[in-house]
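Structural description and commentary
Spelled out, the chains give:
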Amino acid sequence: MNNTHKPEVLAPAGSLESIFAAVRCGADGIYAGGKLFSARANAVNFSHEDLKAAADQCHLHGVKLYRAMNTVIFDGEAEEFVREVKFCAEIGIDGLIIQDIGAAFLAERAVPNMPRHGSTQMTVHTPLGAIAAKNAGFCRIVPARELSLEAIRKICETGTETEVFVHGAQCMCLSGQCYMSALIGSRSANRGQCAQACRLPFSADNKKTEHYALSLKDMSLVSHIGELIDAGCASFKIEGRMKRPEYVAAAVTAVRHAADGEGDISEDMARLEAVFSRSGFTDGYLTGKIGGEMFGHRRKEDVVSADKVLPSLAALYKDEKKCRSICFSFAARAGKPVTLGFSSGDINGVISGAVPEAAVNRSLSAEDVKRQLSKLGGTVFELDGIICDIDEGITVPASELNRLRREAVSECERLTVMKNTPRYAVTGYSPEMPVPAGFSGNPALRVISSDAQTVRMAAEYSELVIAPINVCRGLSEDAVINKAAVSLPDIVTDEEGLLNELQALKARGFSHFVCGNFTHLGVLSELDNIHIHGGTGLNITNSFAIKRFKELGLEDITASFELKAAQFSSLCKEIPTGFYAYGRLPLMITRNCPVKAQSGCKSCSGGLTDRTGRFFPVECDDRKYARIRNCDILETSDKLSSFRGAAFALLDTGNMPLSQAEGVIRRYLGHGAPYGKFTRGLYFRGIK
């Protein structure tokens, strides 16, 4: 194990009791959410008063407190978001965890020197992606949880501060790319309202037996902490802001022991599994052992086991943690007020008391003073010595000595909190409400297709045709290449190989490329003289994000399909902005194919069936990852005028046959009415 650096142990907290549990069990940092803009909106979360108390408690112990403001925001929330950022600066929050690039834009202008951490929702999973996030103003990134140890090591080697999840719930979907909860029940994961539909039964074999094809076991990398230290990780993050304080205590203790090379890992893991697990734990992504053994769900025995360990876990954080030493210097002179000096590290001060009384029975002794001043139980301080200078023939009541001690301790605590509380330069910035674009006529059409014949046909009708790399390789006609935009794989497992592929396509004349996340932005930033088009995976829900991505080099952008049509229309579109107008909306991007894990590729059913009988198609991408699609097709062919200012409408025809794709394009060109079973998505019902 490389001990040249000591990574931070970063704990979750959904309540003040969890703050106490984390601090007292050895956390170096804690992340918590407020009542607004938290990706765990269903946690208790913290009021302003609670956040201030939490910040003071953390800073008293030398622990950092980060605030998770990691939801996407709407234009109408910009002013409130800025107020929250400024409040965080006032109370000394040590950094903000942010997903939305528009939110980061606002935070930077409100408090320029407050650290901004890129949430795992930003979908960073390669070195160039980490560099792109750093260039966009993030000082730390939380990479995707699907990464191998080697992939994490390569990101760390860029010098980007890296915060790695090491324990807790493991989402089936690549973070930031899950829309299942939103499309099924209007509860958006990107807005902190995930209903965890994936934890319900889904089957890949169409049988009536109950399977949980989208539910993974909780991850635990505690036994790999030494390897992660050697890889250069800056912070070890524990998931669980919605879990109870006993869980926080168990997880922090286990990670703390592993990071320090202490304790009994098997005992720590047994305790962790008892307090919360889903059929045990998995380290499959880190070790590359991806498959059916990673899946699990919460069973009755998992719930019952917690009752046995809760009392012992509560005992771990029952008492205040002694984390600072304090020295006292007491002086009592006849006719003068007594003084009690204190020092703790580089913090010192003096408290004055009453004038001593003349002794009647016996004089005040050093032992009397030490007896009262040493009563430090319940504080963070351990006594490191007492110096006494006392005249003969005087006395000071024990009550006065106790008062001096309490005031000295209180003042030392206050000065300690001040010392550990960062100071920020808060600007007078207030976001201007953007002025939306007016109706600009019929939007142009853009088509997504993974069928070469359809790509060639669509090039005649649309301004741009988006196709994956394997399809673009087979295109040779200049007229088609000039209109083709290369889509990158959603999950990049070989960044160097991908860059070589893109450079080869560029050499053949391809100049348009689609950027779906920050990893893509990092890769595409290596190519000169290209046109970068923003995809839906960037989760654009506000005008400030459009403005920021324009600054980062994007020429146009596709807004999030989680917006209502009216919200899309109200966006200030500094670059051409389009919307997803047709297709089976993507619900999840998964590193672990649920069909393969349950029934194997040879028996592939092509999708998943939920408990209501709805079928959700699953697309396989070279067996490296899978894309789960919605059960119904989105149709807006008769609603195009509802999207004011739209530069283009995106038609996702997937791999449908040429004739069917041509029919879709012609229907949209003529604004024809949809037919058959379809959905309007979220455009007219919205999300929470």
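You'll find the structure just up there.
Residues numbered from 1 in each chain as written. Predicted model: local features only at pLDDT ≥ 70, side-chain atom pairs only at ≥ 80, totals over all residues. Heavy atoms only, no water.

**Observations concerning the overall build of the chain**
On a plain count of helices and strands, the chain comes out with 23 helices and 30 strands. In terms of C-alpha radius of gyration, the chain reaches 29 Å, essentially the compact-globule figure of 26 Å for 688 residues. Along the first, second and third principal axes, the C-alpha set of the chain runs to 110 × 55 × 45 Å. The buried share among the 688 residues of the chain stands at 58%. Sequence separation of at least 24 residues holds for 71% of the intrachain contacts in the chain that already meet a minimum separation of 6. In the form shown here, the chain has an accessible surface area of approximately 26700 Å², with 49% of it arising from carbon and sulfur atoms. Computed over 79 positive and 80 negative side-chain charges, the inter-centroid distance for the chain is 4 Å. (Helix = DSSP H or I, 4+ residues; strand = E, 2+ residues; numbered from the N terminus. Rg over C-alpha atoms; globule rule 2.2 N^0.38 Å. Buried < 20%, exposed > 50% of the residue type's maximum accessible area, 1.4 Å probe, protein only. Contact = heavy atoms within 4.5 Å. Areas by Shrake-Rupley, 256 points an atom, 1.4 Å probe, with all protein chains shown as cover. Lys, Arg positive; Asp, Glu negative; His and termini not counted. Charge placed at Lys NZ, Arg CZ, Asp CG, Glu CD.)

**Some remarks on the packing of aromatic side chains**
Inspection of every chain in the model, using the stated rule, returns twelve aromatic pairs. Ring plane angle 45° and centroid distance 5.9 Å describe the contact between Phe518 and Phe549, whose orientation is recorded as tilted. Here Phe518, found in helix 19 (residues 518–524), pairs with Phe549, found in helix 20 (residues 543–551); they are 31 residues apart in sequence, far enough to count as distant. Each member of the pair Phe518 and Phe549 is classed as buried. Through pairs of rings, three or more aromatic residues link up here, namely Phe568, Phe579, Phe643 and Tyr683. (Phe/Tyr/Trp six-rings, centres within 6.5 Å; stacked < 30°, edge-to-face > 60°.)

**Concerning the side chain of Ser181**
Tracing the chain through its elements places Ser181 in helix 7 (residues 180–185). The contacts of Ser181, once residues within four sequence positions are left out, are Ser186, Arg187, Gln193, Cys194 and Ala195.

**Some details on the sheet that holds strand 12 (residues 324–332)**
Spatial strand order, 14-13-12-16: four strands in an open sheet with mixed pairing. Strands at the two margins of the open sheet, each flanked by one partner only, are strand 14 (347–352) and strand 16 (381–390). Strand-to-strand, the axes of this sheet are offset by a mean angle of 15°, without reference to chain direction. Note that strand 13 (residues 339–344) and strand 14 share six bridges and pair antiparallel. Paired with Ser343 across the bridge in strand 14 is Asn348. Strands strand 12, strand 13 and strand 16 of the sheet are contacted by helix 13 (residues 366–373), whose axis makes an angle of about 155° with strand 16. Contacts between helix 14 (residues 398–420) and the sheet are confined to strand 12, strand 13, strand 14 and strand 16, with strand 14 contributing the most and set at about 150° to the helix. (Pairing = 2+ DSSP bridges. Axes fitted to C-alpha atoms, helices over the stretch in contact; angles between N-to-C directions.)

**Re the sheet that holds strand 27 (residues 615–621)**
In space, the five strands of this open sheet follow the order 8-26-27-28-25, with antiparallel pairing throughout. In this open sheet, the two edge strands, each paired with only one partner strand, are strand 8 (202–203) and strand 25 (586–590). Relative to strand 28 (residues 625–629), strand 27 runs antiparallel, the two being bridged by four bridges. Within strand 28, the residue paired with Asp621 across the bridge is Tyr625.

**Quick look at the nonpolar core**
If you look at the biggest cluster of nonpolar residues, it comprises 199 residues, and the most contacted ones within it are Ile30, Leu502 and Phe518. Looking at which element gives the most residues to this core, the answer is helix 9 (residues 245–260), with ten residues. The contact partners of Phe518, leaving out residues within four places of it in the chain, are Ile101, Met122, Thr123, Val124, Gly129, Ala132, Ala133, Ala136, Phe549 and Leu552. By size, the runner-up hydrophobic cluster in this structure holds 25 residues, among which are Phe328, Val338, Leu373 and Leu404. (Core = buried A, V, L, I, M, F, W, Y, C linked by side-chain atoms within 4.5 Å.)

**A short note on unusual backbone geometry**
The phi angle at Phe37 is positive, at roughly 65°, despite the residue not being glycine. Within the secondary structure, Phe37 sits in the loop between strand 2 (29–33) and helix 2 (48–60). With phi around 60°, Thr123 is a residue other than glycine that occupies positive phi space. Structurally, Thr123 is set in the loop between strand 5 (116–118) and helix 5 (127–135).

**Focus: the environment of Leu650**
With respect to the helices and strands, the residue Leu650 is situated in strand 30 (residues 648–654). A C-alpha to C-alpha distance of 4.7 Å links Leu650 and Tyr580, two positions 70 residues apart in sequence. Excluding residues that lie within four positions of it along the chain, Leu650 makes contacts with Arg446, Ile448, Ile466, Thr558, Phe579, Tyr580, Ala581 and Tyr582.

**Some thoughts on the pairing of strand 12**
Of the two faces of strand 12, the one lined by Arg324, Ile326, Phe328, Phe330 and Ala332 is fully buried and the one lined by Ser325, Cys327, Ser329 and Ala331 carries no buried residue. Examined bridge by bridge, strand 12 and strand 13 share five bridges and lie antiparallel to one another. Bridging across to strand 13, Ser329 finds its partner in Gly341.

**Re helix 14**
Residues three or four positions apart in an α-helix share a direction because the helix packs 3.6 residues into each turn. Across its 23 residues, helix 14 extends 33 Å between first and last C-alpha, which sits within 8% of the 33 Å expected from 1.5 Å per residue. Within helix 14, the full set of buried residues consists of Glu400, Leu401, Asn402, Leu404, Arg405, Ala408, Val409, Cys412, Thr416 and Val417. Packed against the buried residues of helix 14 are helix 2, strand 12, strand 13, strand 14, helix 13 and strand 16. (Expected span 1.5 Å × (residues − 1).)

**As for helix 5**
Within helix 5 the residues assigned to the buried category are Pro127, Leu128, Gly129, Ala130, Ala132 and Ala133. Packed against the buried residues of helix 5 are strand 6 (140–141), helix 6 (149–156), helix 18 (495–507) and helix 19. Looking one or two residues beyond helix 5, the residue adopting positive phi is Gly137, at roughly 105°.

**Thoughts on the pattern of salt bridges**
It is possible for side chains of opposite charge to pair when their charged atoms get near one another. Under the definition given, this model contains 42 salt bridges. Across the salt bridge formed by Arg24 and Glu320, the nearest N and O atoms sit 3.6 Å from each other. Linking Arg24 in helix 1 (residues 16–24) with Glu320 in the loop between helix 12 (300–316) and strand 12, this pair joins segments that are 296 residues apart in sequence. Taking relative accessible area as the criterion, Glu320 reaches 19% and is therefore assigned buried. (Salt bridge = Lys/Arg side-chain N within 4 Å of Asp/Glu carboxyl O.)

**Points about the side chain of Asp368**
Inspection of the secondary structure assignment puts Asp368 in helix 13. In this structure Asp368 comes out as buried when scored by relative accessible area, which is 10%. Polar side-chain contacts of Asp368 include one of 3.0 Å to the side chain of Arg362. Excluding residues that lie within four positions of it along the chain, Asp368 makes contacts with Arg362, Ser363 and Leu401. (Polar contact = N/O pair within 3.5 Å; in protein donor to acceptor, adjacent residues only side chain to side chain.)

**Re the environment of Ala251**
If you trace the backbone, Ala251 turns up in helix 9. Distance from Ala251 to Thr609, taken between C-alpha atoms, is 35 Å for residues 358 residues apart in sequence. Among residues more than four places away in sequence, those in contact with Ala251 are His167, Ile238 and Leu272.

**Concerning the pairing of strand 14**
Across the two faces of strand 14 the burial differs, with Ile347, Gly349 and Ile351 buried and Asn348, Val350 and Ser352 not buried at all. With antiparallel pairing between neighbouring strands as the criterion, strand 13 and strand 14 make up a hairpin whose turn holds two residues, including Gly345 at a positive phi of roughly 65°.

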